[in-house]
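So the chains spell out like this:
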Amino acid sequence: MVSTRAFLLDIGYAHGSGVATSSLSGLRGKTFRLVLKRESDGKVFRLFDDSFEPYFYLLPREGVTQEQILKVTGFYRGTNVAVARVEEVERKLKGEIVKLFKVYAKHPGHVPVLASELKQYGERFEHQVHFVLRYLLDKKLQPLGLVEVKHSGKMVMGISAVADSPLPSLRVLAFDIETYNPGVKSDPRKDPCLMISYATNEKSGVISYGKKFSHDFVEVVASEKAMLERFCEIVRENHVDVIATYNGDEFDLPFLRERAKVLNADFRLGRDRALPRTRKKGIRNASSLGGRIHFDAYPVVAFLNFIGAFKLQRLTLQDAVTAITGKPKADIVKMDIHKIWDSGLTKDLDYLAFYNRDDSIACLAVTNYSLPLQIEMARLTGNLVFDTSRASAMPLVEPFIMKKALERGELIPSKPAYSENDKLPPVEGAFVKIPNPGVYENIAVLDFKSLYPSIIISYNVGPDSYNCDCCKSDGFVSPQGHRFCKKKKSIIAETLSDILDSRFAIQKKMKTLTDKESDEYKQLYARQWSLKILANSVYGLTLNPRFRWYTREGGESTTAWARQYIQEVNKKAEETGFEVIYNDTDSIMLLYKTENSVLEFRDAVNKTLPERMELELEDFYTRGLFVAKKGEAGKDGKGARKKYALINKEGKIKIRGFELVRRDWSKVAREVQRSVLEILLKEGNVDKAVALVRKTVAELQSGKVPLDDLVILTQLRKSPKDYAIMSPEVSAYTKAINAGIRVPEAVVMYVVTSKGKSISEKAFVREMAQDYDADYYINHQLMPAVLKILAELGVTEDDLLTNSKQHTLGSW
DNA sequence: TAATTCGCTAGACCGA
DNA sequence: TCGGTCTAGCGAA
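Chemist: Explanation requested: the sheet that holds strand S28 (residues 747-752) in the structure shown.
Modeler: Sheet strands pair via backbone hydrogen bonds, and the direction of the pair is either parallel or antiparallel. Here we have 3 strands laid out as an open sheet, ordered S27-S28-S29, and antiparallel in their pairing. At either end of the open sheet lies a strand with only one pairing partner, and these are strand S27 (712-715) and strand S29 (763-765). Shown here is a sheet whose adjacent strand axes are inclined to one another by a mean of 45°, direction ignored. Where S27 lies against S28, 4 bridges are found, and the strand directions are antiparallel. Within the sheet, the bridge partner assigned to Ile712 lies in S28 and is Tyr750.

Chemist: I tried to follow the protein's contact with DNA strand B on my own but got confused; where do I start?
Modeler: In the vicinity of DNA strand B lie 32 residues, with Gly429, Lys630, Arg641, Ser760 and His780 positioned nearest. When atoms of DNA strand B within 4 Å of the protein are sorted by moiety, sugar and phosphate together comprise 93%. A distance of 3.1 Å is found between a phosphate oxygen of DNA strand B and a side-chain nitrogen or oxygen belonging to Lys629. Secondary structure elements with two or more residues in the surface near DNA strand B: helix H11 (393-407), helix H14 (519-542), strand S25 (639-648), helix H20 (759-762) and helix H21 (774-791). The greatest single-element share of the surface near DNA strand B, amounting to 4 residues, is contributed by H21. Taken together, the residues that form the surface near DNA strand B break down as 17 nonpolar, 8 polar and 7 charged.

Chemist: Would you mind going over the layout of surface pockets with me for this structure?
Modeler: Gaps between atoms show up when a probe of the same size as a water molecule is rolled over them. Within this model, the second largest pocket holds a volume of roughly 1,700 Å³. Along the walls of the second largest pocket sit 43 residues, with Phe448, Ser450, Lys532, Asn536 and Asp586 positioned nearest its centre. At 6 residues, H14 tops the list of elements feeding residues into the lining of the second largest pocket. Each residue belonging to the lining of the second largest pocket can be placed in one class, and the counts come to 17 nonpolar, 9 polar and 17 charged.

Chemist: For this particular structure, what's the right way to read the packing of H11 against helix H13 (residues 491-512)?
Modeler: Axis angle and axis distance: for two packed helices, these are the angle between their axes and the distance between the axes, and together they describe the pair. Closest axis-to-axis distance for the H11/H13 pair is 10 Å, and the angle between their directions is 110°. The orientation of H11 relative to H13 falls into the category roughly perpendicular. Contacts between H11 and H13 involve Phe400, Ile401, Lys404 and Ala405 from the former and Ile491, Glu494, Thr495, Asp498 and Ile499 from the latter. For the contact of H11 with H13, the residue count by class is 5 nonpolar, 1 polar and 3 charged.

Chemist: What is the right way to look at the sheet that holds strand S23 (residues 587-591) in this model?
Modeler: Strand order in the open sheet formed by 6 strands is S22-S23-S19-S24-S25-S26, and the pairing between neighbours is antiparallel. Each edge of the sheet is formed by a strand with only one pairing partner; in this case those strands are strand S22 (579-584) and strand S26 (653-656). Ignoring strand direction, the axes of neighbouring strands in this sheet form an average angle of 35°. Sheet topology note: the S25/S26 ladder contains 4 bridges and is antiparallel. Bridged to Tyr644 within S26 is Arg656.

Chemist: Please clarify how helix H15 (residues 552-576) should be interpreted in this entry.
Modeler: Compared with an ideal rise of 1.5 Å per residue, which puts 25 residues at 36 Å, H15 spans 36 Å between its outermost C-alpha atoms and is within 8% of the ideal. Of the residues trailing H15, Gly577 is marked for its positive phi of about 110°.

Chemist: Would you explain the protein's contact with DNA strand C in this entry?
Modeler: By nearness alone, 19 residues border DNA strand C, and Asp586, Tyr644, Arg656, Arg663 and Tyr723 come closest of all. Among the atoms of DNA strand C lying within 4 Å of the protein, the sugar-phosphate backbone contributes 82%. Contact between DNA strand C and Tyr644: a phosphate oxygen at 2.5 Å from a side-chain N or O atom of the residue. Within the backbone of Val661, an N or O atom sits 3.1 Å from a phosphate oxygen of DNA strand C. Mapped by element, the contributors of at least two residues to the surface near DNA strand C are S25 and S27. Across the surface near DNA strand C, the residue classes break down as 5 nonpolar, 4 polar and 10 charged.

Chemist: Any chance you could explain the packing of helix H3 (residues 131-138) against H11 here in plain terms?
Modeler: Two elements in contact, H3 and H11, have axes separated by 10 Å at closest approach and are oriented at 45°. One element, H3, and the other, H11, form an angle in the oblique class. At the point where H3 passes H11, the crossing takes the right-handed sense. Every residue of H11 that contacts H3 at Leu133, Arg134, Leu137 and Asp138 is listed here: Pro399, Met402, Lys403 and Leu406. For the contact of H3 with H11, a count of residues per class yields 5 nonpolar, no polar and 3 charged.

Thresholds, definitions, all that
Residues numbered from 1 in each chain as written. Chains lettered and ligands numbered in written order. Predicted model: local features only at pLDDT ≥ 70, side-chain atom pairs only at ≥ 80, totals over all residues. Heavy atoms only, no water. Pairing = 2+ DSSP bridges. Helix = DSSP H or I, 4+ residues; strand = E, 2+ residues; numbered from the N terminus. Axes fitted to C-alpha atoms, helices over the stretch in contact; angles between N-to-C directions. Near = heavy atom within 4 Å. Polar contact = N/O pair within 3.5 Å; in protein donor to acceptor, adjacent residues only side chain to side chain. Nonpolar A, V, L, I, M, F, W, Y, C, P; charged D, E, K, R; others polar. 1 Å grid on protein atoms, 1.4 Å probe; cavity = no way out; pocket = protein on both sides within 12 Å on 5 of 7 lines; lining within 4 Å. Points joined across faces, edges and corners; volume = space filled by probe spheres on them. Parallel < 35°, antiparallel > 145°, perpendicular 65-115°, else oblique. Contact = heavy atoms within 4.5 Å. Expected span 1.5 Å × (residues − 1). Left-handed = near helix turned anticlockwise from the far one by under 90°.

This is the structure in structure tokens:
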């Protein structure tokens, strides 16, 4: 027996090709295949573990015996399967110790079958925990963490995690393909793949065939088949651990696999020489490579965009790489790739190759940015990177809490089935104060640090602490009367408390590091970011009826306490002599005379808050603007919430909610609005802003504004036929499809043209638009965007539209 | 398969 | 033709 220290790169079931020896053939499905990277020399090797038994728990009904359970059988793939064995164990359920049967099965596939058969004998637990996750949880292993593994030959005899493990250095290769596309979409059964580009942190290149290129980085091989095989060779030569793509799940990998089949090419990209596999994973497909991690950056970018890490107009590689690196990749010129290919012109082919390579380089940049986060997330939650990178909030958070349940010796609650809870009305959420529109000076912004998590911790919110038996007279009682335990920590509160503690500790450690570019710093940064994502997701999940720790009472208490705190701070601020101009959820904006008074106020509030809660100073702003809500113009008009602009002492502008941050407004309206706000906030020069608007009106009227500045982006969130209303975006999309124009994504880009009566009739996708309706862009885009702002300074629509002598506008 | 609620605004639609 | 209501998307937190 040998003992080795290695990083756990991947774990999965041993499928046919993975299990070569005949001694293992009877164990298919139950055997895990571990891909490990030796710490000492980085060599990658495989081991198998068939010692782990699938199981679940049964809380038996009165009088049910082990003997009865042992006799239970069921059907699995046409054969009769039986319970392997039963043990009696103790676990905690809602704080109480209960006696349970731990029911073992011979194969993970038998678990759901037997669990179903056992329904009549009592309540089942943990029968829906995925077997790979079960293995990782029970053995306390971290994916990509360092393990100490004892093995005899290829068989694992014992495996345990090494504490505080560093990260393995992973070899990453990004790739991208170009395909022949005479139809609306390339069809791998008949359309060839034309080139494959790749990029690692050391080099990049393109493989193609049968044409002439002048670039050095293009390697020309004999045929498409040779190209596919050459690509596999490059992957093997580079000992690639992570293969990165942008939407390779849905396109590149399935396409190449199909091409390989057609051409009879050897496309075994996996480490164990397996073919790429594509499986349904929720709403989309996921493509895996045995022994190498396929990192598809697209779902990661979608997730990061969703949680607000950045805001992309579209989820394209172009938008993602620009947001991340600050510089765009090679410009995409609309081109018919198949025509370039057929023409055979070296100049055009060179451009295509250059563009193809740039896509791989861009994909690598996105990967370098997001993979560390995914790795840390995987290590924290116990998911594989493959799953983490394709996961949403629930599958990230649940395994993290499951680990805590195991630590506490508690049963993991089952996933709730569809129930009446799904039909309940939404719970009351945050408090948002209506601002008075106008221009303000000297604004302090204070906010509660991690408001919802800190409330959950402070008041021990959770399904397991709700209405406990032990605190009937002295629990924490929320504003609407829900009671939570004061004696035993709820699992959610404890998890959040741990998250906040470790995040704080990491941030403290980061401050001691001087080299912000070091691997250690980057790893810590990624880890604290993962923790933040997890912490921020928990509150939302408590109100999701599909969450294992769903608690409606907990969720509505959390927001109720939040509303109470924010209003108490408002009251205190006013008593102290400040004017509170705005609140949204966890923030307070107030007018101040001295900065010191604000700091004193903050400290005074903090003395009264529970230990975990904290009011922070976000910033001091010299000037700020709130606008009237539509239809509320004039004196005493109410201000719009979630819409404001502030400028701080350094001249940094913070803008929220205005049209200029919305993608469903044209660039011309957004950019002029931004300039107007900047001019007003920085210079306070109303005349200059008015002049800019007039100039833009004239430009629009001249008909010379480029169509690209007039495009409006709107997502179709359902099938076009399901819409009750013919909106401009649905109309533009439908007309494009009828005209046989490729509209690649769910985000419709349209221009309002002069052709038609209603706006919908006038809306055409960018490719079909010949002109624009100046009147629409002036009166429906530019004017609404700027007038709301300028109206606060006494400017009227006539001032902006007529060329009469400028009014004398009072300066502020 | 899916974190939540609050809020603004548009354009279509519909009835008077 | 006008104004109210409804559908829908997107952003703030």
